[in-house]
Amino acid sequence: MVSPNPAENNGGTALPAAEARALNDVVIRLAGNSQDGIQTIGGFLARLAGRSDQDVMTYMTIPSTISGGPSIFQVRMGTGDILSSGDQADFLVAFYQHSYENHLSSLRPGGVLLYDADHVKPNPDDKRFTAVAAPITSGTVEAVGGSSKDKGKNLYVLGLIARVFNLDVAKLSGLIKERFGGKTEDIVRNAMLAFDAGYAWPADNLRDCFYRFNPPTRTSTRPQVTLDGNSAMTYGLIAAGVRYGSGYPITPWSSIMEMLRSELPKYGGLFVQAEDELGAVSYALGFSYSGHLAITGSSGPGLSLKMEALGWAVMSEMPLIVINVQRGGPSTGMPTNVEQSDLLQALYGSHGDAPRVVLAPRDVEDCFYIAIEAARIARAYSTPVIILTDQALSSRIEAFDEPDLAGLMVDPAPDLSARPADFKPYPLDRITRHAPPGSRVGSGVYPTVTGLEHDELGHPTGSPQLHTKMTAKRREKLKALAATLPAAEAFGDPEGDVLLVGWGSTFGPVREALNRIRNSGTKAAQLHLRHLNPLPPGLEDVFRRYRQIIVVEINDEGLYGYGQLATLLRARYANPAIRSLTKTDGLTYKVSEIVNGVTHLSARNGVPA
Amino acid sequence: MSAPEILPPALPATDRAPLTKKALTADHPTWCPGCGDFAVLHCYYRALEKLNYPHEKIVTMAGIGCSSRFPYFVNTHGGHYIHGRSLPFSAGVSLGRDDLHVFVFGGDGDGFSIGGNHLDHVARKNPRLTYVIMDNFVYGLTKKQTSPTSPIGFKTKTDPTGAFDQPINPMRKLVDSGATFIARSHATQVNHMTEMIMRAAQHDGFSVIEILSECVEFYPGAFDTSVPRKGGTFGLIQEKKNDGTPEDATRHDTTDEVAAYRLASEPWPGLFGVFLDKKRPTKNQLEANLIAKARERTKGASDLQLLQSTFAKLR
């Protein structure tokens with residue numbers, strides 16, 4: 001937020017809107033309880049930004065309690081690229097005393113504290129912030145009346161925010177009506193009453209806290225869509241022609257499963273809620289075997305349970321998509337926190353040499369496109385593909401260009417064409433193409449797909465030569481895939497002191513950190529990997545151009561001081577300049593943590609940064 | 001001149017040579033000489049010959065164990081999956097492709113021990129497929145450990161003083177789990193086995209057959225009490241014929257779960273035949289209904305139009 005210093009108090013008279021201070025973007029943190037509907041109004045703000053050609057990124061915490069409990073929803077919205085949800089809030093809304101006490105530290109000095117005067121008693125001696133006391137609860141009760149108590153106070157707050165930030169009320173009302181329109185008229189009416197009351201709260205009380213966003217700079221002519229990562233992934237699967245799947249409930253994967261269960265029947269497909277994770281991956285492999293590329297998914301513990309079946313998919317060369325929404329581990333770990341600690345399991349989790357493809361989306365938009373990429377690879381290389389998304393991406397909302405669906409939709413029809421007489425399920429001289437049941441084979445000899453080591457026709461074998469050849473076949477097809485991937489490219493200075501390497505949801509914060517590092521004069525660049533196994537070609541060349549390669553990950557530094565991707569890259573490239581920046585607090589990276597980490601590592605290694 | 005045909009003539013039920021044992025035979029079985037599983041394989045060929053399904057639409061699946069080597073010996077589309085999980089896999093095949101005829105083979109360890117949970121849940125979901133459990137009361141492939149059906153007192157490498165964990169009663173378990181067709185047969189009774197496999201295959205839903213199949217290597221003589229030429233009794237279930245005769249009142253009503261449970265509680269060696277044969281909507285049908293309803297609401301929109309309208313709402 002521009003203008004960190006509040007203007008002088010002009011005696012309690014509200015500034016006319018024209019004198020509202022201009023800002024590029026703002027970080028609004030809503031702190032309350034999960035049942036207060038703060039996610040709902042956070043979602044409205046995000047959608048409004050998307051509809052207004054602004055950019056947006058949200059961040060939320062989910063209480064790990066069964067029902068209710070403190071939670072926050074943070075929205076960063078405004079003009080230009082929003083790469084992170086913000087290290088610090090510019091504007092904090094505290095619904096309760098605990099919200100005030102726990103989240104005041106997230107508010108930057110000079111920021112605005114808006115609190116519910118009916119619940120919060122702030123420290124009167126704390127002059128670091130502009131404090132605004134609003135009667136959120138009583139104002140809502142008064143506005144809505146009847147038996148609804150303080151239900152709707154989230155919309156009262158939305159009204160206040162709309163006033164403070166000069167938001168487009170017509171668009172917001174439209175969003176409220178769309179959201180609640182399917183319900184009774186009372187609900188829409190009450191929501192608008194609360195919203196209007198918040199908006200109309202006497203402006204004098206808001207002191208000088210009036211702002212307006214700089215005009216959007218977005219150049220794309222496509223409309224923006226605003227959604228969370230799990231939704232984007234779901235729609236990506238549908239665009240990719242995936243119509244069948246199976247899963248088992250686990251946080252934070254479940255919402256993908258729930259959406260697929262309701263969406264797929266519309267497209268003629270189906271999703272089975274299985275009895276357990278082992279059943280889920282098995283149903284999915286059965287679908288794939290029957291000719292329909294299928295999806296299963298889970299989070300940490302569930303991925304562990306699927307590992308034996310995944311090894312079968314590698315051995316039998318069966319296409320499959322596995323989504324793993326990573327969370328804090330090991331074991332039950334931290335189910336509602338983020339971590340990137342399943343990378344090595346995704347690569348190596350099954351027994352035996354079981355190479356499989358591993359991809360990771362970099363942001364919400366990429367959740368959509370990575371699903372399409374996963375399906376393409378699974379079909380073309382007859383292989384399981386694991387997508388490593390994470391808890392932060394799963395619920396994060398971003399705005400992005402609406403995909404050009406007409407050019408992206410993939411035909412889901414299975415290939416049941418007749419196979420020639422020389423058909424082999426496991427040819428040594430080319431990539432396996434699965435022949436689903438129902439396809440006739442010219443020779444009259446039908447294939448058995450198998451988890452036993454086998455010859456080209458699928459017969460079990462104990463031959464040392466064949467095991468060597470078939471192991472190579474399964475490895476070489478991933479190398480063939482690697483050769484087709486676009487060469488790795490760094491963003492930023494073409495050579496220099498620091499290369500920041502990342503994967504998955506850290507893309508935005510790393511990019512923002514890179515911008516800061518470069519602004520301070522360091523020659524630096526960012527390389528973000530979407531393909532983690534196999535790695536894209538050209539990494540050696542990029543690595544060679546930087547004095548220090550810092551791999552940023554949300555996982556542990558391990559016994560030898562390197563995070564999971566850093567470990568892989570050191571093993572692969574044997575480049576001693578590869579270093580590791582890791583953390584395990586279960587939270588997304590703050591930009592300042594990356595900048596400080598880079599400074600610290602650079603100092604230690606004698607590299608200017 | 002005859003009237004021009006508007007539609008091409010309907011194809012005959014099959015436009016090809018009948019399915020023969022020769023066409024269905026693949027690798028020579030690797031089972032021990034004398035193993036009961038040979039007879040099961042023979043009856044599967046016979047049943048498929050009689051059923052005469054299009055060859056490419058038959059799927060032969062299995063998990064892990066001696067009996068689970070089955071698919072390699074049958075020339076149909078098929079697969080050898082992982083231990084205990086062949087049922088959810090095969091249910092996926094059936095639900096993905098309602099035009100296929102899915103058969104799953106396995107043993108007592110695969111079905112009742114490591115796969116026990118899957119058996120319960122696939123049974124209650126009632127997908128259209130046939131599951132044949134070749135029960136030999138012992139782990140054979142791993143060379144004589146206690147199985148979930150090993151009787152108390154049976155000495156194995158894991159129970160050298162004799163098994164003492166209560167064995168499961170497969171028929172009772174299956175009745176309880178909600179399977180809609182449950183039968184029991186014996187590897188020494190070729191005609192009976194063939195009949196059971198054919199009836200199971202024609203059942204609209206989840207059909208399961210337990211076949212007592214002797215392991216001559218690790219549990220010889222396990223089923224002698226039900227082999228007439230060894231002095232035993234092969235007792236058949238008398239199914240109700242609804243012929244109005246007085247004796248029909250004492251016959252077994254295969255739609256009666258309580259009666260099936262009672263039959264399943266008969267003392268060893270128990271009875272053989274169909275314990276349960278009842279109608280309940282299959283998961284195939286219920287999912288198809290769900291799809292039909294969803295498609296009705298989407299009013300014939302193409303996949304592209306559907307997804308476009310979803311994104312339009314996210315603007």
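About the cut-offs
Residues numbered from 1 in each chain as written. Chains lettered and ligands numbered in written order. Predicted model: local features only at pLDDT ≥ 70, side-chain atom pairs only at ≥ 80, totals over all residues. Pairing = 2+ DSSP bridges. Helix = DSSP H or I, 4+ residues; strand = E, 2+ residues; numbered from the N terminus. Contact = placed C-beta atoms within 7 Å. Axes fitted to C-alpha atoms, helices over the stretch in contact; angles between N-to-C directions. Nonpolar A, V, L, I, M, F, W, Y, C, P; charged D, E, K, R; others polar. Domains from an automatic or database assignment. Buried ≥ 20, exposed ≤ 12 C-beta atoms within 10 Å, placed from the backbone. Right-handed = clockwise from strand over helix to strand, strands pointing away. Parallel < 35°, antiparallel > 145°, perpendicular 65-115°, else oblique. Left-handed = near helix turned anticlockwise from the far one by under 90°.

## Structural notes on the sheet that holds strand E18 (residues 491-492) of chain A
Residue and element names in this part refer to chain A.
At step 1: Sheet architecture is open: five strands sit in the order E18-E20-E19-E22-E23, paired in mixed fashion. The open sheet terminates on both sides in strands that have one partner only, identified here as E18 and strand E23 (578-582).
At step 2: With five bridges joining them, strand E22 (residues 546-553) and E23 adopt parallel strand pairing. Within the sheet, the bridge partner assigned to Ile-549 lies in E23 and is Ile-578.
At step 3: Relative to E22, helix H17 (residues 564-573) is tilted by about 140°, and along the sheet it contacts strand E19 (496-503), E22 and E23.

## So, the interface of chain A and chain B
At step 1: Each side of the interface is counted separately: chain A has 54 residues, and chain B has 45 residues.
At step 2: For the side of chain A that touches chain B, the secondary structure elements donating two or more residues are strand E9 (224-228), helix H7 (229-239), strand E10 (244-247), strand E11 (270-273), helix H9 (277-289), helix H10 (300-316) and strand E17 (448-450) of chain A.
At step 3: Take the side of chain A that touches chain B: its biggest share by element is nine residues, from H9 of chain A.
At step 4: Among the residues making up the side of chain A that touches chain B, the classes are represented as 30 nonpolar, 17 polar and seven charged.
At step 5: Relative to strand E2 (residues 77-80) of chain B, E17 of chain A is paired through three bridges, and the arrangement is parallel. Bridge pairing in E2 of chain B places Thr-450 of chain A opposite His-80 of chain B.

## Notes on the domain arrangement of chain A
Residues and elements named next belong to chain A.
At step 1: In terms of domain boundaries, chain A breaks down into domain 1 (17-213), domain 2 (226-407), domain 3 (415-484) and domain 4 (491-605).
At step 2: Averaged C-alpha coordinates put domain 1 and domain 4 at centres separated by 36 Å.
At step 3: Residue composition of the side of domain 1 that touches domain 4, by class: three nonpolar, one polar and one charged.

## Points about the pairing of E23 of chain A
Residues and elements named next belong to chain A.
At step 1: In terms of burial, E23 is largely enclosed, as five of its five residues are buried.
At step 2: Burial along E23 is two-sided: Ile-578, Ser-580 and Thr-582 and Arg-579 and Leu-581, pointing in opposite directions, are all buried.
At step 3: Each parallel crossover has a hand, and for E22 linked through H17 to E23 it is right-handed.

## Things to note about the packing of helix H1 (residues 38-51) of chain A against helix H5 (residues 169-180) of chain A
Residues and elements named next belong to chain A.
At step 1: In contact at an axis separation of 10 Å, H1 and H5 are set at 125° when each is read in the N-to-C sense. The angle between the axes of H1 and H5 places the two elements in the oblique class. Note on packing geometry: the crossing formed by H1 with H5 is right-handed. Residues Phe-44, Arg-47, Leu-48 and Arg-51 of H1 form the contact with H5, whose participating residues are Lys-171, Leu-172, Leu-175 and Ile-176.
At step 2: A breakdown of the residues in the contact of H1 with H5 according to their chemical character gives five nonpolar, no polar and three charged.

## Observations concerning the packing of H9 of chain A against H10 of chain A
All names here are of chain A.
At step 1: Here H9 crosses H10 at 35°, and the two axes come no closer than 8 Å. Handedness of the H9/H10 crossing: right-handed. Mapping the contact onto sequence places Glu-277, Leu-278, Val-281, Ser-282 and Leu-285 in H9 and Gly-302, Leu-305, Lys-306, Ala-309, Leu-310 and Ala-313 in H10.
At step 2: Grouping the amino acids of the contact of H9 with H10 by side-chain chemistry returns seven nonpolar, two polar and two charged.

## Concerning the environment of Arg-327 of chain A
All names here are of chain A.
At step 1: Inspection of the secondary structure puts Arg-327 in the loop between strand E13 (320-326) and helix H11 (343-348).
At step 2: Spatially, the C-alpha atoms of Arg-327 and Ser-299 are 6.6 Å apart, while their sequence positions differ by 28 residues.
At step 3: Here Arg-327 is in contact with Pro-252, Ser-299, Gly-300, Gly-333, Met-334, Pro-335, Asn-337, Val-338, Glu-339 and Gln-391, once residues within four sequence places are set aside.

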